[in-house]
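Given next are the chains, with one letter for each unit.
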Amino acid sequence: MPHTTLVTVTDLAAHLDDAGWVVCDCRHDLADVEAGRRAYGVSHIPGARFVHLDADLSAPMTGRNGRHPLPEPDRLARRFGEMGIGNGSQVVAYDASGGYYAARMWWMMRWLGHDSAAVLDGGWDAWVKAGRTVSSEASAIKPARFHARIRADVTTGAAQIATRIGQPQPLLLDARSPDRYRGENETLDPVAGHIPGSVNRFFKLNLESDGRFKPAAELRREFSSALGMVAPSDVVHYCGSGVTACHNLLAMEIAGLAGSRLYPGSWSEWCSEPTRPVARG
């Protein structure tokens, strides 16, 4: 049975020699974009290949498409193939940041039609604390063929959101910290605030104190409270640049609340157009 949300350290350790499993190291730091690559060079889970948020999981910025735009699907599919990911692969992504960079990888696999993708629960820290083997050697990668089957129904854009401002649906969930949502302490984007009508659900609320995801039942209670009577299919997630929003998407999937969508451009795209409305507070 494929893993489609989370994988435990024990499960991954049992499949390190399984050629059908592909492990992806997604460690990253927005303030030091080469930190993840350096950390990978020092030590990583054996067999893992490094995946860079900017170089692999994002397209170039234009100033109007957000800080981490989605890459062109065929280019992304080719890149996944170069990483050794085929359509039959079980992909496991991890990071050292509570899973939100890994969740971006997980969501992008879903976007390309690949369900057999999961995030390592607890990430790098859980692996190391469990005393599992690490390696500093570059992983041998056998390229594969990955055929994308784009799911157009898992994304939405600024134009669609703009036409629904003031309407009860879709419900916009903002994954950023409460202060940034309110328009305070904005250090990443030139305009502070949030999309009018959106509700704040800070992605770190999805985690236990040890960095693992909360139990499914607890996540379901929390998200059900945030959604009210709104169905998951009428929920759109956003954040600063389409990364931490994927963490909320994953959490809802764990909770059994599947079917919501991502606004990939998120706040950094929304606020790049001066005519779009902004709310604060």
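Structure first, text after, so check above.
Residues numbered from 1 in each chain as written. Predicted model: local features only at pLDDT ≥ 70, side-chain atom pairs only at ≥ 80, totals over all residues. Heavy atoms only, no water.

Participant: Please set out the layout of surface pockets residue by residue, giving values where relevant.
Facilitator: Empty space within the largest pocket amounts to approximately 350 Å³. Lining of the largest pocket is provided by 16 residues; of these, Leu16, Asp18, Ala19, Trp21 and Arg49 occupy positions nearest its centre. At 3 residues, the largest contribution of residues to the lining of the largest pocket is made by strand 2 (residues 21-25). Looking at side-chain class alone, the lining of the largest pocket contains 8 nonpolar, 4 polar and 4 charged residues. As a volume, the second largest pocket reaches approximately 260 Å³. As for the second largest pocket, its lining consists of 17 residues, of which Leu30, Tyr100, Arg180, Phe203 and Thr244 are closest to the centre. When its residues are assigned to classes, the lining of the second largest pocket shows 8 nonpolar, 5 polar and 4 charged. (1 Å grid on protein atoms, 1.4 Å probe; cavity = no way out; pocket = protein on both sides within 12 Å on 5 of 7 lines; lining within 4 Å. Points joined across faces, edges and corners; volume = space filled by probe spheres on them. Helix = DSSP H or I, 4+ residues; strand = E, 2+ residues; numbered from the N terminus. Nonpolar A, V, L, I, M, F, W, Y, C, P; charged D, E, K, R; others polar.)

Participant: An account of the environment of histidine 52 is requested, with residue identities and associated values reported.
Facilitator: Within the secondary structure layout, histidine 52 lies in the loop between strand 3 (49-50) and helix 3 (73-82). As a C-alpha pair, histidine 52 and histidine 28 span 24 residues in sequence and 7.3 Å in three-dimensional space. Ignoring anything within four residues of it in the chain, the contact list for histidine 52 reads His28, Val33, Glu34, Arg37 and Leu57. At 3.0 Å, the side chain of histidine 52 and the backbone nitrogen of aspartate 54 are in polar contact. Of the polar contacts made by the side chain of histidine 52, one reaches the backbone nitrogen of alanine 55; its length is 3.2 Å. (Contact = heavy atoms within 4.5 Å. Polar contact = N/O pair within 3.5 Å; in protein donor to acceptor, adjacent residues only side chain to side chain.)

Participant: Give a detailed account of the sheet that holds strand 8 (residues 235-238), specifying residues and quantitative values.
Facilitator: The strand order across the open sheet formed by 4 strands is 7-6-8-9, and the pairing between neighbours is parallel. The open sheet has two edge strands with one neighbour each: strand 7 (199-200) and strand 9 (261-262). Both strand 6 (residues 171-174) and strand 8 contribute to a ladder of 4 bridges, which runs parallel. Paired with aspartate 174 across the bridge in strand 8 is tyrosine 238. Sitting on the sheet, helix 9 (residues 244-254) is in contact with strand 8 and strand 9, with an inclination near 140 degrees to strand 8. (Pairing = 2+ DSSP bridges. Axes fitted to C-alpha atoms, helices over the stretch in contact; angles between N-to-C directions.)

Participant: Kindly report on unusual backbone geometry, identifying the contributing residues and their values.
Facilitator: Cis geometry marks the peptide bond from glutamine 169 to proline 170; its omega dihedral reads 0 degrees. Secondary-structure assignment places proline 170 in the loop between helix 6 (158-162) and strand 6. At asparagine 185, a position not held by glycine, the phi torsion is positive, near 55 degrees. Mapped onto the elements of the fold, asparagine 185 is located in the loop between helix 7 (178-182) and strand 7. One non-glycine residue, serine 266, lies in positive phi territory at about 50 degrees. Note on serine 266: relative accessible area 0%, which makes it buried. (Buried < 20%, exposed > 50% of the residue type's maximum accessible area, 1.4 Å probe, protein only.)

Participant: So what's going on with the packing of aromatic side chains? Which residues, and what values?
Facilitator: In this description, an aromatic ring pair is defined by two values, namely the gap between the centres and the angle between the planes. Summed over all chains, the structure comprises 7 aromatic pairs. Between phenylalanine 202 and phenylalanine 203 the ring centres are 5.3 Å apart and the planes differ by 80 degrees, which places this aromatic pair in the edge-to-face class. Of the two residues, phenylalanine 202 and phenylalanine 203, both sit in the buried class. By the ring-pair criterion, three or more aromatic residues cluster together here, those being Tyr100, Tyr101, Phe202 and Phe203. Looking at arginine 276, its charged tip hangs above the ring of tryptophan 270, at a distance of 5.6 Å from the centre. (Phe/Tyr/Trp six-rings, centres within 6.5 Å; stacked < 30°, edge-to-face > 60°. Lys NZ or Arg CZ within 6 Å of the ring centre and 35° of its normal.)

Participant: Describe the pairing of strand 2, listing the residues and the values that go with them.
Facilitator: Summarising burial for strand 2: 5 of the 5 residues are buried, a large majority. Judged by which residues are buried, strand 2 turns out to be covered on both faces: Trp21, Val23 and Asp25 on one side and Val22 and Cys24 on the other are all buried. Alignment of strand 2 against strand 3, held across 2 bridges, turns out to be parallel. By the bridge assignment, aspartate 25 is partnered in strand 3 with phenylalanine 50.

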